[in-house]
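Breakdown of the fold
What follows is the residue order along each chain.
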Amino acid sequence: MSEPKQNTGLLAGILALWVLVFGWSVIGSWGMEPTGDGFTRGLNRITHFLGWQAIAACLALAAFGVGRAWPKGSGARSVSRLPLGCVGVLVLLIAAHIGWAMIQAG
């Protein structure tokens, strides 16, 4: 059986791009002027954040897939799981926030 190819440059590039996209989702939505009236005011900030987070989630999945080429317990494999863990934490936080709002409403 042949050894899987370990592409350090590809993993580093995907992780760097993930950091940029993740950071832009926060910084870009924070500095954005809210638009809309009434209930929908500021919805553009939320859609900006979630849209870029969806792209970051795709990059996290790609980094996880590329990181599987390294042996178990290696540093590169561990680092490749970090972005996917951040996606999981973000999804849990959003679900907890929605659940808390539902409990408070009623």
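For every chain, the first residue of the written sequence is number 1, and numbering continues from 1 along that sequence. Per-residue local features are limited, in this predicted model, to residues with pLDDT of at least 70; the limit for side-chain atom pairs, both in listing and counting, is 80 or more; totals at the level of whole chains, interfaces and linings are taken over all residues. In computing side-chain values, all of the structure's heavy atoms are included and hydrogens and water are not.

The helix and strand labels rest on DSSP assignments: H or I over at least four residues marks a helix, E over at least two residues marks a strand, and numbering proceeds from the N terminus. In terms of regular secondary structure, the protein chain is built from 3 helices and 0 strands. Ordered by position from N to C terminus, the α and β elements of the protein chain give α-α-α. Computation of the radius of gyration draws on C-alpha atoms, with the globule rule given as 2.2 Å multiplied by the number of residues to the power 0.38. Relative to the globule expectation of 13 Å for 106 residues, the C-alpha radius of gyration of the protein chain, 18 Å, shows a markedly less compact shape. Overall, the C-alpha framework of the protein chain stretches about 60 × 30 × 20 Å when taken along its three principal axes. Only protein chains enter the area calculation, which uses a 1.4 Å probe; residues under 20% of their type maximum are buried, those over 50% are exposed, and those in between are partly exposed. Looking at the 106 residues of the protein chain, the share that counts as buried comes to 25%. Intrachain contacts of the protein chain at a sequence separation of at least 6 include 59% that bridge at least 24 residues. Any two residues whose heavy atoms approach within 4.5 Å at even a single point are treated as in contact.

The subject of this paragraph is a nonpolar patch on the surface. A surface patch of nonpolar side chains, about 560 Å² in accessible area, is lined by Leu43, Ile46, Leu50, Ile94, Ile98 and Met102. In this fold, leucine 50 is placed in helix α2 (residues 43–67). What goes into a patch is any residue over 30% in relative accessible area without a salt bridge, connected to like charges within 9 Å or, for nonpolar side chains (Val, Leu, Ile, Met, Phe, Trp, Tyr), within 5 Å. Method for areas: the Shrake-Rupley scheme with a 1.4 Å probe, in which residue coverage is limited to the protein chains shown. Take a side-chain nitrogen of Lys or Arg and a carboxyl oxygen of Asp or Glu: if they are within 4 Å of each other, that pair is a salt bridge.

Moving on, we come to the nonpolar core. Grouped together as the largest cluster of nonpolar side chains are 7 residues: Leu11, Ile14, Leu15, Ala63, Val66, Ala69 and Trp70. Those elements giving two or more residues to this core turn out to be α1 (8–30) and α2. The leading source of residues in this core is α1, at 3 residues. Here alanine 63 is in contact with Leu11, Ile14, Leu15 and Ser80, once residues within four sequence places are set aside. In this description, a nonpolar core means a group of buried Ala, Val, Leu, Ile, Met, Phe, Trp, Tyr and Cys residues linked to one another through side-chain atoms lying within 4.5 Å.

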